[in-house]
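Structural characterization, general
Below are the chains, spelled out letter by letter.
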Amino acid sequence: MEMLRRSSVFASEVFDRSHTDKELVSQAKALCRDYIHSRLNRAGIGWSKPEHGLAASGGALGEISSVLLWLGDELEYLRPNVYRNVARQLNITVASESIVSDAFLAVAADIFSTGRHVGLMPGVTWGKVVSLYAVAGALAVDCVRHGNPAMVHTIVDCMGEFVRKSLTSWLKRRGGWVDVTKCVVNTDPSFRSHWLVSAVCAFGHYLKATVLYLLREK
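What this report covers is the structure whose coordinates are included nearby. What you see as residue numbers is a count from 1 along each chain, following the sequence as written. Predicted model: local features are reported for residues with pLDDT of at least 70 only, side-chain atom pairs are reported and counted for 80 or more only, and whole-chain, interface and lining totals are derived from all residues. Note: side-chain values were computed over all heavy atoms of the structure, leaving out hydrogens and water.

**Topic: unusual backbone geometry**
For residues other than glycine, phi is negative in most cases, and the peptide bonds are mostly trans. The phi dihedral of Asn85 falls on the positive side, at around 50 degrees, and the residue is not glycine. Runs of H or I in DSSP of at least four residues are treated as helices and runs of E of at least two as strands, each being numbered from the N terminus. Note on placement: Asn85 falls in the loop between helix H3 (59–78) and helix H4 (86–90). If you check the backbone angles, Asn91 has positive phi at about 60 degrees while not being a glycine. Locating Asn91 in the fold gives a position in the loop between H4 and helix H5 (97–111). With a relative accessible area of 56%, Asn91 lands in the exposed category. Only protein chains enter the accessibility calculation, which uses a 1.4 Å probe; a residue is then buried when its area is under 20% of its type maximum, exposed when over 50%, and partly exposed in between.

**A closer look at the pattern of salt bridges**
Salt bridge, as applied in this entry: a Lys or Arg side-chain nitrogen positioned within 4 Å of an Asp or Glu carboxyl oxygen. According to the stated counting rule, one finds nine salt bridges in the structure shown. Lys172 is paired through a salt bridge with Asp21; the nearest N and O atoms lie 2.6 Å apart. Linking Lys172 in helix H7 (residues 151–174) with Asp21 in helix H2 (residues 21–42), this pair joins segments that are 151 residues apart in sequence. Residue classification places Lys172 among the partly exposed residues on the basis of a relative accessible area of 42%. Note on Asp21: relative accessible area 34%, which makes it partly exposed. Its salt-bridge partner being Asp73, residue Arg42 comes within 3.4 Å of it at the nearest N-O pair. You can see Arg42 sitting in helix H2 and its partner Asp73 sitting in helix H3, a full 31 residues away along the chain. Under the relative-accessibility criterion, Arg42 is labelled exposed at 52%. Each of Arg39, Arg42, Asp73 and Glu76 takes part in salt bridges that share partners, so that together they form one network.

**Some details on the state of the cysteines**
Criterion for a disulfide: a pair of cysteine sulfur atoms at a distance within 2.5 Å. Counted according to the given criterion, the structure contains zero disulfides. There is no disulfide at Cys158, and the cysteine sulfur nearest it, in Cys32, is 9.3 Å away.

**Observations concerning the nonpolar core**
For this analysis, a nonpolar core means a set of buried residues of the types Ala, Val, Leu, Ile, Met, Phe, Trp, Tyr and Cys, connected via side-chain atoms within 4.5 Å. Within the largest apolar cluster, 61 residues are counted, with the highest numbers of intra-cluster contacts made by Phe104, Tyr133, Leu139, Ile155 and Trp177. Only H2, H3, H4, H5, helix H6 (126–145), H7 and helix H8 (182–185) provide two or more residues apiece to this core. For this core, the leading source of residues is H6, giving 14 residues.

Set out below in structure tokens:
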């Protein structure tokens, strides 16, 4: 944890500037590749990241990736069954690019629509963002295990598409991806509680998203 705190200070200094949509989307995809690579390694599944995905393994973005992975570990530890066998939970085949894309984007949209059904504006929190990365990692593991490693690139592209359409404005207001490091820099118990509460809400809404996807017309 101390290493993550020091790293976040370094990342904040490097990323203390405005970002374009293109940069934020590119960073989102690089972070997604690193997240997926970590989850595949943890599952004992071999997969080589493409050359352009190595950006997230070093420098400021690499430090942000380390924080994102640590937060993902916390989420997956709290609700391990939520982030396992995602394809089976969604009742989809991972051999079709269109099915994988549609399922991922549908779950993403539903995760971030929390509150809409009670008349509130949908909100974005780092808990939801990390939850989405955890879904991407779990779905990628399912795809590779079922002999469809090419779907990893599909998931990464979908993450980029969702970030471009739904998260770039929010990320700009937060100062970019480096803002996620505040989840480990701030040791105030009330801040950590807020992070965990938003994450748990994301868990519940992810399960709801699964049900909604299953109810969609095939």
